[in-house]
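# Descriptive structure summary
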Amino acid sequence: MEIRNIAIIAHVDHGKTTLTDALLKYAGAVKAGTTMDSNALEQERGITIYAKNASLIYKGTKINIVDTPGHADFGSEVERVLRSIDTVILVVDAQEGPMPQTRFVLKKSLELGHKPIVVINKIDKPAARPAEAHDEILELFIELGASNDQLDFPVVYAIGREGVAKINLTDESKDLSPLLDTIIKHIPAHSGSTEGELQAQVFNLAYDDFMGRMAIARIYSGGLKDGADVYAKRDSVATRKGRITKMFTFEGLSRKEIKEAGEGDIVLVAGIPDVYIGDTLLNSPEADTLPAIKVDEPTITMNFLVNDSPFGGREGKFVTSRQIRARLDKELEVNVGLKVGDVGTGGEEFEVKGRGELHIAILLETMRREGFEIQVSRPVVITKEENGVLLEPFEEVVIDVPEAVAGTIISTMSERKAILTSTKEHESRSRLIFESPTRALLGYRNKFLIDTKGEGLLSSRFLEFRPYAGEINRYNYGSMISMESGKAAGYSLENLQLRGVLYIKPATEVYEGMVIGNVTKGNDLSVNPVKEKAMSNMRQKGSDGILAIVPPLEITIERGMEIMSDDEYLEITPKNVRLRKKYLTENERVRATRSPKK
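The present account deals with the structure reproduced in this document. (Residues numbered from 1 in each chain as written. Predicted model: local features only at pLDDT ≥ 70, side-chain atom pairs only at ≥ 80, totals over all residues. Heavy atoms only, no water.)

Ranked by size, the top nonpolar core spans 59 residues in total, and within it Phe-141, Leu-224 and Leu-281 carry the most contacts. Here this core spans two domains, since at least three of its residues come from each of domain 1 (2-186) and domain 2 (199-282). Ignoring any residue separated from it by four or fewer positions in sequence, one finds Phe-141 in contact with Leu-90, Leu-106, Leu-110, Pro-116, Val-118, Ala-146, Gln-150, Leu-151 and Phe-153. By size, the runner-up hydrophobic cluster in this structure holds 30 residues, among which are Val-352, Ile-360, Met-367 and Ile-572. (Core = buried A, V, L, I, M, F, W, Y, C linked by side-chain atoms within 4.5 Å. Buried < 20%, exposed > 50% of the residue type's maximum accessible area, 1.4 Å probe, protein only. Domains from an automatic or database assignment. Contact = heavy atoms within 4.5 Å.)

Written out as structure tokens, the structure is:
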């Protein structure tokens, strides 16, 4: 059976997972209602977080499909996938056109020599502009240095949600066969032969409680057999020997155990305990390896600590530093965009580096749901020094907003050291493109939503490390800190909300040092949120006793990471997310400010 390997790539929310689900359903590979986004967090947020494998059979040909994330924070998932396939299906929204992640994934693909198939999706949108989107895609190809062959890309128009594709906009809308026929026509076929010397490269990892670490590999030549000895080899790393104990291929979305696989196929193998992404699997230790897979470096760092707050240990099953370290080590098995190190020598605090706030927030949310309690420090960008020059990460930021607020956004971004590089107007909306320090985006997304009244779109992608841009004033809010422990009283909160924005509602349990809101004037303020109204026999007005409390600003993991200060921790438990001061009492905080900084 002939084999073809493709990856679906796109900017976030351009419809690649919906299109992949429709392809699998059309080919009969899955039941109706099945989706590639099987993870609970993916379904809740409507985004793809982890790259996933699937396959379908069409006209006697096996098509291996890898669905990739669209968010820049999960770019490490995309980078390694592109090495394992023959070409990509580039999905672009017919209304929005190419966006930052479109540029990122397309650039990586063109550098590897792929000739993409372009799918202009969502052509049924009222504001869809497929012709203009096609021209913008062509401009992007030219800008990224595509070859003449790559510029001659095939185009398919689609409505992924309805399972419809067509070669020309005027064609009848029937099914997805035009897209599948285009794949077979334009992508080179592999025979599946098991002859020749084995060369297979690991591009992803999986973990099984019974089989341990498992490698997802693309076979470039030769074949893999169940029970065979193989060697895992990578530059600058000692060659390791292993024996394949189990081997699977992908059938639809499920695994199917097989005894052998040949050239061109994508397989899941167990039996090599210390296998890693980029390893080449070979028949002999002397054979040549395939080019290494490079993963971009992390851009932000946070410290993970044991939860030592007064409420620590109430809700979680896993609360010790040993359990947290074991969980982080397990995450490193499959999450190659992450790096973990110890802070100091006590083993109580861990430095976790990731590709962005969302990258680490997803890890924290997953740990929380598993029963972990943890505290984290404010995210900080990673800087480095070269030739005596301090460098920091910069990002390309694309902002789509109504024209009326474009001036406000430009002013705010300029204050944060961002440089406006391009503006475009389209139907009363402005597209603003900035080059900005990553630091400028930490804590900005919440303000952006307020400034645009929820009508703006903000996307970014990592560019490079550039000279440090100087100090950035993030915001001028102070923290409202509880000076007592107990249950928050509505009477107190009604008065406190005049000083700023509250994070809690009446009857919420608080402790001394917990941050219960922000203060508009900028300085921290210690307050008593548990104070009840004094009882007396004085006659009251008819309106007395009716509390008018504004709904609080709920603290989520991502919002907490944005608004927390340097002297605060975000306390994360299975049921609650709280902000707290590192030093809980007023005396400790005063002493900390007076003591010399280490």
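Let's pick the thread back up.
Okay, the packing of aromatic side chains next. The tally for this structure, following the rule as stated, stands at 5 aromatic pairs. When the centroid spacing of 4.8 Å and the interplanar angle of 35 degrees are considered together, the rings of Phe-318 and Phe-372 count as tilted. Of this pair, Phe-318 sits in the loop between β18 (300-305) and α8 (321-332) while Phe-372 sits in the loop between α9 (357-369) and β21 (374-376), placing them 54 residues apart in sequence. Assessed through its relative accessible area of 6%, Phe-372 is described here as buried. When the centroid spacing of 5.9 Å and the interplanar angle of 55 degrees are considered together, the rings of Tyr-444 and Phe-448 count as tilted. The exposure classification of Tyr-444 matches that of Phe-448, with both residues buried. Directly above the aromatic system of Phe-311 lies the positively charged group of Arg-314, at a separation of 4.0 Å from the ring centroid. Looking at Lys-384, its charged tip hangs above the ring of Phe-465, at a distance of 4.3 Å from the centre. (Phe/Tyr/Trp six-rings, centres within 6.5 Å; stacked < 30°, edge-to-face > 60°. Helix = DSSP H or I, 4+ residues; strand = E, 2+ residues; numbered from the N terminus. Lys NZ or Arg CZ within 6 Å of the ring centre and 35° of its normal.)

With respect to topology, 7 strands assemble into an open sheet ordered β2-β3-β1-β4-β5-β6-β7, the strand pairing being mixed. Edge strands, defined here as strands with exactly one partner in the open sheet, are β2 (52-58) and β7 (164-166). Mean inter-strand twist for the sheet, computed between neighbouring axes without regard to direction, equals 25 degrees. One ladder, built from 7 bridges, connects strand β1 (residues 2-10) with strand β3 (residues 61-67); its direction is parallel. Opposite Ile-6, over in β3, you have Ile-65 as the bridge partner. Along the sheet, helix α7 (residues 177-186) contacts β1, β2, β3, β4 (87-93), β5 (117-121), β6 (155-159) and β7; its crossing angle with β2, the most-contacted strand, is approximately 95 degrees. (Pairing = 2+ DSSP bridges. Axes fitted to C-alpha atoms, helices over the stretch in contact; angles between N-to-C directions.)

On to the environment of Ala-200, then. Position of Ala-200 among the secondary structure elements: in strand β8 (residues 199-208). Taking relative accessible area as the criterion, Ala-200 reaches 0% and is therefore assigned buried. Measuring from C-alpha to C-alpha, the distance between Ala-200 and Arg-218 comes to 5.4 Å, with 18 residues separating the pair along the chain. Look past the residues within four positions of Ala-200 in its chain and what remains in contact with it is Ala-217, Arg-218, Ile-219, Tyr-220, Asp-279, Thr-280, Leu-281 and Leu-290.

Further remarks concern helix α10 (residues 406-415). Every buried residue of α10 is listed here: Ala-406, Ile-409, Thr-412 and Met-413. Down the axis of α10, the sector holding all buried residues measures 130 degrees, keeping them to one side. Where α10 is buried, its residues meet β24 (389-402), β26 (429-437), α11 (438-441) and α12 (445-451). Once α10 ends, the next one or two residues include Lys-417, with phi positive near 70 degrees. (Arc of directions from axis to C-beta.)

We now examine the sheet that holds strand β11 (residues 229-234). As summarised here, the arrangement of the 8 strands in space is β12-β11-β17-β8-β9-β16-β13-β14, forming an open sheet in which the pairing is antiparallel. This sheet does not close on itself; its edge strands, each paired only once, are β12 (237-243) and β14 (254-257). Taking the axes of each pair of neighbouring strands and ignoring which way they run, one obtains an average angle of 35 degrees across the sheet. With 5 bridges joining them, β11 and β12 adopt antiparallel strand pairing. Bridge pairing in β12 places Arg-234 opposite Val-237.

So, about the pattern of salt bridges. Counting across every chain of the model gives 38 salt bridges. The salt bridge involving Glu-370 is made with Arg-327; its shortest N-O contact spans 2.6 Å. Taken as a pair, Glu-370 in the loop between α9 and β21 and Arg-327 in helix α8 lie far apart in primary sequence, 43 residues in all. The class of Arg-327 is buried, set by a relative accessible area of 10%. One connected set of salt bridges, linked through shared partners, spans Arg-234, Arg-240, Asp-274 and Asp-279. (Salt bridge = Lys/Arg side-chain N within 4 Å of Asp/Glu carboxyl O.)

It is worth spelling out the packing of helix α4 (residues 100-111) against helix α5 (residues 130-143) at this point. At a minimum axis separation of 10 Å, α4 and α5 run at an interaxial angle of 50 degrees. Regarding the angle of α4 to α5, the classification is oblique. α5 is crossed by α4, and the crossing has right-handed handedness. Of α5, the residues touching α4 (which contributes Thr-102, Arg-103, Leu-106 and Leu-110) are Leu-140, Phe-141 and Glu-143. (Parallel < 35°, antiparallel > 145°, perpendicular 65-115°, else oblique. Left-handed = near helix turned anticlockwise from the far one by under 90°.)

Even without a glycine there, the phi angle at Lys-59 is positive, about 50 degrees. Along the chain, Lys-59 falls in the loop between β2 and β3. What makes Lys-59 exposed here is its relative accessible area of 62%. With phi around 55 degrees, Asn-387 is a residue other than glycine that occupies positive phi space.

Counting buried positions over the 11 residues of helix α1 (residues 16-26) gives 8, a clear majority of the element. Residues of α1 that are buried include every one of Lys-16, Thr-17, Leu-19, Thr-20, Asp-21, Ala-22, Leu-23 and Leu-24, and no others. The inward-facing, buried residues of α1 contact β1, β2, β3, β4, β5 and α7. Once α1 finishes, Gly-28 follows within two positions and takes phi at roughly 75 degrees, a positive value.

According to the relative accessible area criterion, Phe-318 is partly exposed, its value standing at 28%. Between the C-alpha atom of Phe-318 and that of Phe-394, which follows or precedes it by 76 residues, the distance is 37 Å.

As a further point, take the side chain of Gln-323. Within the secondary structure layout, Gln-323 lies in helix α8. At 2.9 Å, the side chain of Gln-323 and the backbone nitrogen of Val-319 are in polar contact. Among the polar contacts listed, one links the side chain of Gln-323 to the side chain of Thr-320, at a separation of 3.2 Å. Gln-323 has contacts with Lys-317, Phe-318 and Phe-372, leaving out every residue within four places of it along the chain. (Polar contact = N/O pair within 3.5 Å; in protein donor to acceptor, adjacent residues only side chain to side chain.)

By themselves these figures say nothing about function.
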